[in-house]
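Structural features, examined
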Amino acid sequence: MDLIIFLFIAFMCINVAIKIFNCEDRNKIFNKRPIEVVDVKKYNKLCGSLVIAFGVAAEITLYAGNLLGGWMSLLCTLLLIGEAVLVMAIYNKIERKMLKKR
């Protein structure tokens, strides 16, 4: 069962990152509202890199939680939530930097 979860997370992160990297216009993964960015390619590259980085961190965290078990499993789950919050904080900084100035 654990292998299925690891493979599912890896497949989903790689699939989403590939879609972002191949997107010609602004991707809608992190942000549903329409925004205008200075450089769409760079924006998509940064967003795709964030997804890959989160996937790697999630795999490591889940593997450690599975390996150690018990309370460490709970701690690793909380760490995974923290990683998601960190990714969104990094994205918000990227978004502010990449928005077109009016």
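Residues numbered from 1 in each chain as written. Predicted model: local features only at pLDDT ≥ 70, side-chain atom pairs only at ≥ 80, totals over all residues. Heavy atoms only, no water.

Notes on the packing of helix α2 (residues 40-68) against helix α3 (residues 71-98)
Quick note on the threshold: Angles run from 0 to 180 degrees between N-to-C directions of axes, and those axes are lines fitted to C-alpha atoms, restricted for helices to the stretch in contact. Put simply, DSSP marks the helices as runs of H or I at least four residues long and the strands as runs of E at least two long, and each gets a number from the N terminus on. Should an angle fall under 35 degrees it is taken as roughly parallel, and over 145 as roughly antiparallel, whereas 65 to 115 is taken as roughly perpendicular and any remaining angle as oblique. Nonpolar residues are Ala, Val, Leu, Ile, Met, Phe, Trp, Tyr, Cys and Pro. Charged residues are Asp, Glu, Lys and Arg, and all others, Gly as well, are polar.
With their axes 9 Å apart at the nearest point, α2 and α3 run at an angle of 170° to one another. The angle between α2 and α3 places the two elements in the roughly antiparallel class. Classifying every residue of the contact of α2 with α3 by side-chain character gives 20 nonpolar, three polar and two charged.

Quick word on the packing of aromatic side chains
The condition is simple: Two aromatic rings from Phe, Tyr or Trp, using only the six-membered ring of Trp, form a pair when their centres are within 6.5 Å; if the ring planes differ by under 30 degrees the pair is stacked, by over 60 it is edge-to-face, and anything between is tilted. The cut-offs for exposure are 20% and 50% of the maximum accessible area for each residue type, with area from a 1.4 Å probe on protein chains only; residues under the lower value are buried, those over the upper are exposed, and the others partly exposed.
What the rule picks out here adds up to two aromatic pairs. Between F6 and Y63 the ring centres are 6.3 Å apart and the planes differ by 55°, which places this aromatic pair in the tilted class. Here F6 is found in helix α1 (residues 2-22), whereas its partner Y63 is found in helix α2, with 57 residues between them in sequence. Owing to a relative accessible area of 48%, Y63 belongs among the partly exposed residues under this scheme. Note on Y43 and Y91: the rings are 6.2 Å apart at their centroids and 65° apart in plane angle, and the pair reads as edge-to-face. Here Y91 lies in helix α3 and Y43 lies in helix α2, a separation of 48 residues in the sequence.

Structural notes on the side chain of E83
Stated formally: Positive charges come from Lys and Arg, negative ones from Asp and Glu, while His and the chain ends are left out of the count. Any Lys or Arg side-chain nitrogen located within 4 Å of an Asp or Glu carboxyl oxygen qualifies as a salt bridge. Any two residues having at least one pair of non-hydrogen atoms within 4.5 Å are treated as being in contact.
With respect to the helices, strands and loops of the structure, E83 is situated in helix α3. In this structure E83 is buried but unpaired, with K93 as the nearest side chain of opposite charge at 18 Å. Not counting the four nearest positions on each side in its chain, E83 is found in contact with F54, A57, A58 and T61.

A closer look at α2
Using the following cut-off: Between the first and last residue of a helix there are one fewer steps than residues, each counted as 1.5 Å, and that sum is the expected span. Here a polar contact means two N or O atoms within 3.5 Å. Within protein one must be a hydrogen donor candidate and the other an acceptor candidate, and residues neighboring in sequence count only if both atoms are side-chain atoms.
Taking 1.5 Å per residue, 29 residues should reach 42 Å; α2 reaches 42 Å between its end C-alpha atoms and fits that length. Those residues of α2 that are buried are in contact with α1 and α3. The backbone nitrogen of K41 lies 3.4 Å from a side-chain oxygen of the residue at the head of α2, namely D39. G69, located one to two residues past α2, shows a positive phi value of around 65°.

Let's talk about α1
Operational definition: The arc refers to the directions leading from the helix axis to the C-beta atoms.
Taking 1.5 Å of rise per residue, the 21 residues of α1 would be expected to cover 30 Å, and the 30 Å separating its terminal C-alpha atoms lies within 8% of that figure. All of the buried residues in α1 are F6, I9, C13, A17 and I20. Along the long axis of α1, the arc covered by the buried residues comes to 75°, so they all point the same way. For α1, exposure combined with an orientation more than 90 degrees from the buried face picks out L3, I4, L7, F8, F11, K19 and N22.

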